[in-house]
Amino acid sequence: MTVVETDLGEYILQINDYEPPSHIVGPALHKSKEEVAELFHRKHGTPRKDVVEELCLEARGVLRQHYLTADMGISGGNFFVADTGSVVLITNEGNATLTTTLPKVHVRDLGHREDRADARGRRDADAPPDALVDRPVDQQLRRILTGPKGEGEFHGPEHMYFILVDSGRSGVLASDVREALRCIRCGACMNHCPVYQNVGGHAYGWVYPGPIGSILTPMYVGLDKAQDLPAASTMCNQCGVVCPVRIPLPDLQRKLREKAFEQGLRPWYERAGLKAWAWVARRPALYGLASRIGVRVLKAMGGRDGVIHKLPLVGGWTDGRDMPAPAGRTFRELYRARQSAHGASR
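Definitions and cut-offs
Residues numbered from 1 in each chain as written. Predicted model: local features only at pLDDT ≥ 70, side-chain atom pairs only at ≥ 80, totals over all residues. Heavy atoms only, no water. Axes fitted to C-alpha atoms, helices over the stretch in contact; angles between N-to-C directions. Helix = DSSP H or I, 4+ residues; strand = E, 2+ residues; numbered from the N terminus. Left-handed = near helix turned anticlockwise from the far one by under 90°. Contact = heavy atoms within 4.5 Å. Nonpolar A, V, L, I, M, F, W, Y, C, P; charged D, E, K, R; others polar. Salt bridge = Lys/Arg side-chain N within 4 Å of Asp/Glu carboxyl O. Buried < 20%, exposed > 50% of the residue type's maximum accessible area, 1.4 Å probe, protein only. Phe/Tyr/Trp six-rings, centres within 6.5 Å; stacked < 30°, edge-to-face > 60°. Core = buried A, V, L, I, M, F, W, Y, C linked by side-chain atoms within 4.5 Å. Pairing = 2+ DSSP bridges.

Considerations on the packing of helix α2 (residues 33–44) against helix α3 (residues 52–69)
And step 1. One way to put it is that α2 packs onto α3 with a least axis distance of 11 Å and a crossing angle of 35°. The crossing of α2 and α3 is left-handed. Residues K33, V36, A37, F40 and H44 of α2 form the contact with α3, whose participating residues are V52, L55, E58, A59 and V62.
And step 2. Residues belonging to the contact of α2 with α3 are distributed by class as follows: seven nonpolar, one polar and two charged.

Observations regarding the pattern of salt bridges
And step 1. For the structure on display, the rule yields 12 salt bridges.
And step 2. D50 is paired through a salt bridge with R48; the nearest N and O atoms lie 3.3 Å apart.
And step 3. Residue D50 is classed as partly exposed on the basis of its relative accessible area, which comes to 44%.
And step 4. Taking the relative accessible area as the measure of exposure, R48 reaches 37% and is therefore partly exposed.
And step 5. For the salt bridge of D224 with K225, the shortest nitrogen-to-oxygen distance reads 3.8 Å.
And step 6. Residue classification places D224 among the partly exposed positions, given a relative accessible area of 48%.
And step 7. By sharing partners, the salt bridges in this structure join E38, R48 and D50 into a single network.

Observations concerning the packing of aromatic side chains
And step 1. Scanning all chains against the criterion turns up eight aromatic pairs.
And step 2. Arranged with centres 5.8 Å apart and planes meeting at 80°, the rings of W268 and Y269 form a pair that is edge-to-face. Taken individually, W268 and Y269 each receive the classification exposed, so the pair is uniform in this respect.
And step 3. Measuring from centroid to centroid gives 6.0 Å for F331 and Y335, while their planes differ by 25°, and the two rings are stacked. In this pair, F331 and Y335 both sit in helix α15 (residues 331–345), four residues apart, roughly one turn of the helix.
And step 4. Note on F331: relative accessible area 66%, which makes it exposed.
And step 5. Residue Y335 is classed as partly exposed on the basis of its relative accessible area, which comes to 45%.

Examining the nonpolar core
And step 1. By size, the foremost hydrophobic cluster in this structure holds 26 residues, and its most contacted members are I212, I215, L216, I247 and L249.
And step 2. Looking at this core, the elements that each hand over two or more residues are α7 (188–192), α8 (194–199), α9 (210–221) and α11 (249–262).
And step 3. What L249 contacts, discounting residues up to four positions off in sequence, is C189, P211, I212, I215, C239 and G240.
And step 4. Core analysis: the next-biggest nonpolar cluster, separate from the first, contains 13 residues, A28, A37, L55 and L63 among them.

With respect to unusual backbone geometry
And step 1. For D17, which is not a glycine, the phi torsion comes out positive at approximately 60°.
And step 2. By secondary structure assignment, the location of D17 is in the loop between α1 (8–15) and α2.
And step 3. With relative accessibility at 61%, the residue D17 sits in the exposed group.
And step 4. Its identity is not glycine, yet Y18 carries a phi of approximately 55°, on the positive side.
And step 5. Structurally, Y18 can be placed in the loop between α1 and α2.

Considering the sheet that holds strand β1 (residues 72–75)
And step 1. Here three strands make up an open sheet; going across it, the order is β1-β4-β6 and the pairing parallel. Edge positions in the sheet fall to β1 and β6 (159–165), since each of these pairs with one other strand and no more. The average undirected angle you get between the axes of adjacent strands in this sheet is 20°.
And step 2. With four bridges joining them, β1 and strand β4 (residues 105–111) adopt parallel strand pairing. Within β4, the residue paired with M72 across the bridge is V105.

As structure tokens, then:
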């Protein structure tokens, strides 16, 4: 069998040796125009093109032949409508129309998720799409497909099948992070996440990047295999504010952090260090003394240039970056000095 991705971004990644996606809506967001031009030249055997419109036309011509010769088209769906056997599709490309109408067989697969569980009638088929269209990805095309083509109809498949995919979703539905299943895959959370913007989608290591991926991935593959993802957050709540279906993403990340700690998944030295810090933090005089000693040691480590190049026990922080050394005095010391200077100036 020859399986071909028809979304332009997914197609680019597929012919590039099945490179993983970096964004849930724009999977090839990390690729430059020059990289795509070189890839098309190498894989299609065509002259190199440098204009975006020409690259899109080239991909369109290649994919059109697959549409016309395919025996089966496979699509997802934003949700199914149970009483009519319909599927609602929202897309900003025309590939969904060609995939669902030209091949003789159309297979529609849909992940079992909370936001689709109550869409039983056509009147329920508007709210989630409206929320998706309003997001920054600007999805525009909405289609409701019902059944194979009838007698005398020219377009549409002769056979149609629906597949509901679980793949761990029932477990999420029964957990205390079930609110994550309301996700409509709009990409708004990662578009505003400072962590995602700095590390990129590939750093999340699986299909779903960004804040929503830091919750779904541990639940699907196991928290023990992805325990670092919920910790990849500043808890700034930018993702929670922009989420159109109001998923409390930082709260769910915190719950997974707590589970990882309760299950003893964090390294022993990390847990021991946190216990030691908690013991000191509950004793203000001792905490103040430790802080005064610590900032002076760190200032000395910064040397003449005031930059720390290596830190003991936490080398992961400094293997790829330098850290500015502190001023050599704690915040309280600096604040008292400033207050004293301000009082003297009066």
